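Next come the chains, spelled out residue by residue.
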Amino acid sequence: MPPHARWSLSLSWAKNSDKIEHPDSLSAGGAFRIYSNYLTFPSDADLAITKTDLSDPVVVGAQVQYTLTVTKYGPSDATGVVVTDNLPLADIASITLGTPSQGNASELGGVVTWNVGNLGAGSSAQLTITVHVKSSTPPYTVIVNKAAVTGDQYDPDLTNNGAAEETKVIPLTSSVPGISLWGGVALAVLFSGTLIWLVCRKLITAGRGR
Ligand SMILES: [Ca+2]
Ligand SMILES: [Ca+2]
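Everything quoted here is computed from the prediction, not taken from an experiment.

Calculation notes
Residues numbered from 1 in each chain as written. Chains lettered and ligands numbered in written order. Predicted model: local features only at pLDDT ≥ 70, side-chain atom pairs only at ≥ 80, totals over all residues. Pairing = 2+ DSSP bridges. Helix = DSSP H or I, 4+ residues; strand = E, 2+ residues; numbered from the N terminus. Axes fitted to C-alpha atoms, helices over the stretch in contact; angles between N-to-C directions.

1. Let's talk about the sheet that holds strand 12 (residues 162–170)
Taking strand neighbours across the sheet as the criterion, the 6 strands line up as 4-12-11-6-9-8 in an open arrangement whose pairing is mixed. The strands lining the two open edges of the sheet, one partner per strand, are strand 4 (58–59) and strand 8 (104–108). Taken together, the 5 bridges between strand 8 and strand 9 (residues 111–119) define a ladder with antiparallel strand orientation. Bridging from a neighbouring strand, Leu108 pairs with Val111 of strand 9.

2. Examining the sheet that holds strand 5 (residues 63–73)
Strand order in the open sheet formed by 4 strands is 3-5-10-7, with antiparallel pairing between adjacent strands. Single-partner strands in this sheet number two, and they are strand 3 (46–54) and strand 7 (92–97). Each neighbouring strand pair of the sheet contributes to a mean axis angle of 20°, computed without reference to strand direction. Bridge count for strand 7 against strand 10 (residues 124–133) is 5 bridges, and the pairing is antiparallel.

Here's what the structure looks like:
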């Protein structure tokens, strides 16, 4: 049991029990002695969340698919598991939720709430969220998407209850094509024709001047 952990304790004893001394003096603010070998603590319910993005980097106006995975570590089951994902609306034009592997998900005002429900020890659940980057998003913007998971039980490790994914926005590739072989030939023919026409006109002009 880590320091400052929350736990509950149910007591039952008989007078003169060898487990608790002085039960008759138990009152508000009173003190009594409990032998630790008679105590049992609730098992840990360590929830964790990870997030990935596809693709990164992303072209301006293109889509990104986030995959959220919530996992239950520790020996006990978790109940009331809820994932909250705050999508960066400033840079996102549309939001499409996939069907979660369990539970149900909804979106309101850019906040996705995924009610996962119960998760057994060692089990995971997934949800995909597809968004489109705004065409007005400046290139080289780094979009940050944060999500968090909570549950009913005490979580001994809160460092893995949040996940942030960064996605870099890049500009469209230049749409001006390079000069192909046939383009080069066409330009050469055009240039040659123009040159020939200029030479002929020069000769004709010179002939008239004689
Ligand atoms: Ca945790
Ligand atoms: Ca990324």
